[in-house]
Amino acid sequence: LPVSQYDRGGRAMRNGKAPQTVQIMMALVRSFGAVLLPCAFLLAQEQPTHEQPTFRTGVNIVIAPTTVTDRDGNFVAGLHPSDFRLTDNGKLQKIEVTTEYTPISLVIAVQANVGAEPALNTVRKIGPMLQPLVVGEQGEVAILSYDHQVQVLQDFTSDADKLEAALQKLKPGSTSAVMNDAVIQASRMLSNRPPQRRRILLLIAEARDIGSAAKTRQALTDLQFDNVLVYSVNMNRLKNTVLAKSPPPRPDPFPPGARPGIPGTPNLPSYSAHTYGHAGNSANFIPMFVEIFKATKAIFVDNPVEVFTKWTGGKEHAFASQRDLERAINEIGTELHSQYVISYAPNNRDEGGFHTIEVLVDRPGVKARTRPGYWVAAQPN
């Protein structure tokens with residue numbers, strides 16, 4: 001029957017007259033249906049998908065943070081803008097070099113899944129180091145954590161007490177580790193900061209992604225267009241695997257005494273547990289062996305962290321102890337405050353594809369490290 005033939009309770013009416021409330025609702029549907037349905041269709045068509053990210057084609061200003069070191073690996077200070085030359089796809093560019101201090105906006109993204117639990121106690125203690133060593137004057141920090149979801153523990157602030165409180169909120173969660181999703185969230189947060197600030201992402205995580213909805217390509221695209229520089233302090237995956245608590249065992253689907261036993265042996269509940277490895281009689285050795293093979297393979301295959309740091313001109317560090325973590329943060333802070341920030345408007349922005357960046361320094365015995373390049377989508381004909 002037509003809708004008008006039902007009352008509020010869904011019962012068919014004998015007199016064919018709908019209650020007043022239903023008549024009003026049907027009038028609204030008839031009046032606005034022609035508008036609402038096309039709008040709903042357009043909205044459904046415009047929803048972005050993770051499989052095919054949208055690439056922006058315009059590149060107006062390219063930022064190339066550059067670290068200059070001598071033969072011994074020491075940072076070289078005191079260089080002048082005239083000491084630098086930059087080529088984009090082999091073409092010399094007109095550049096601007098910032099040598100004075102630039103305020104920093106920093107996002108710290110911490111893996112906080114169940115596998116990272118052994119390292120979280122160490123990470124919670126880094127609060128006092130952030131302000132003087134990484135951020136400096138006029139800087140600000142935001143803190144994220146991620147397992148199967150990304151959580152903002154603290155938005156941008158320069159308040160050391162708030163940062164300390166946020167780090168204390170780090171708790172182990174699920175088995176997932178959505179690194180790509182966390183990188184995209186951090187990049188979007190940094191994109192909203194004032195343009196004169198340097199945008200830095202510090203990943204404190206294992207070098208892998210587990211369960212992200214987004215692809216690595218999406219994360220790289222956001223990092224590129226938002227001019228974010230990525231550093232990492234990698235957790236020791238093998239140590240985490242060995243020390244992490246085993247998840248609670250799944251309940252035995254067979255009731256006590258239902259499993260077949262050895263003839264002549266009493267089929268007691270404790271017999272099933274000892275024989276089939278349930279109820280606390282299992283050892284967590286298999287994941288350790290699996291991780292050893294993965295680590296061997298990872299020597300030849302880039303991991304997501306390595307891709308993010310190399311792509312943006314950052315650097316990977318690692319830690320297995322409190323001293324290692326403090327040393328890594330100290331080195332990152334020293335490098336950030338020793339860098340030269342080079343910016344330019346490409347004179348060949350109409351060239352589609354990957355643009356290779358090379359920075360040359362007119363000073364003997366020094367080496368410059370910057371981002372390897374950036375991607376420009378081909379312009380439509």
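Structure report, in brief. (Residues numbered from 1 in each chain as written. Predicted model: local features only at pLDDT ≥ 70, side-chain atom pairs only at ≥ 80, totals over all residues. Heavy atoms only, no water.)

Counting secondary structure elements, the protein contains eleven helices and 14 strands. Partitioning the contacts of the protein with sequence separation of at least 6, the portion at a separation of at least 24 is 79%. Carbon and sulfur atoms make up 56% of the accessible area of the protein, which amounts to about 21,400 Å² in all. (Helix = DSSP H or I, 4+ residues; strand = E, 2+ residues; numbered from the N terminus. Contact = heavy atoms within 4.5 Å. Areas by Shrake-Rupley, 256 points an atom, 1.4 Å probe, with all protein chains shown as cover.)

Attention shifts here to the nonpolar core. For soluble globular proteins, the rule of thumb is that nonpolar side chains tend to be buried together. Of all hydrophobic cores here, the largest spans 34 residues; its most connected members are Leu106 and Ile204. It is helix α11 (residues 322-336) that provides the largest number of residues to this core, a total of five residues. Once residues lying within four places of it in the same chain are set aside, the contact partners of Leu106 are Val134, Val135, Glu140, Val141, Ala142, Phe156, Leu190, Ile200, Leu201 and Leu202. Core analysis: the second largest hydrophobic core is formed by 28 residues, Val178, Val183, Ala219 and Val228 among them. (Core = buried A, V, L, I, M, F, W, Y, C linked by side-chain atoms within 4.5 Å. Buried < 20%, exposed > 50% of the residue type's maximum accessible area, 1.4 Å probe, protein only.)

Once that is clear, we can look at unusual backbone geometry. In this structure, Asn89 is a non-glycine residue whose phi angle is positive, near 55 degrees. Tracing the backbone through its elements, the reader meets Asn89 in the loop between β2 (84-88) and β3 (91-92). When its relative accessible area of 27% is taken as the criterion, Asn89 is described as partly exposed. Within the chain, Asn227 stands out as a residue other than glycine whose phi angle is a positive 55 degrees. Within the element layout of this structure, Asn227 appears in the loop between α6 (216-225) and β9 (228-235). Relative accessible area serves as the criterion here: at 25%, Asn227 is assigned to the partly exposed category.

Attention now goes to the packing of aromatic side chains. A full pass over the atoms with the stated rule returns one aromatic pair. Between Phe84 and Tyr340, the aromatic rings sit 5.1 Å apart at their centres with planes inclined by 50 degrees, giving tilted as the arrangement. Linking Phe84 in strand β2 with Tyr340 in strand β11 (residues 340-344), this pair joins segments that are 256 residues apart in sequence. (Phe/Tyr/Trp six-rings, centres within 6.5 Å; stacked < 30°, edge-to-face > 60°.)

The next point concerns α11. Between its terminal C-alpha atoms α11 stretches 21 Å, which fits the 21 Å expected from 15 residues at 1.5 Å a residue. Buried residues of α11: Gln322, Leu325, Ala328, Ile329, Ile332, Gly333, Glu335 and Leu336, and no others. Across the axial projection of α11, the buried residues extend over an arc of 165 degrees, all falling on one side. (Expected span 1.5 Å × (residues − 1). Arc of directions from axis to C-beta.)

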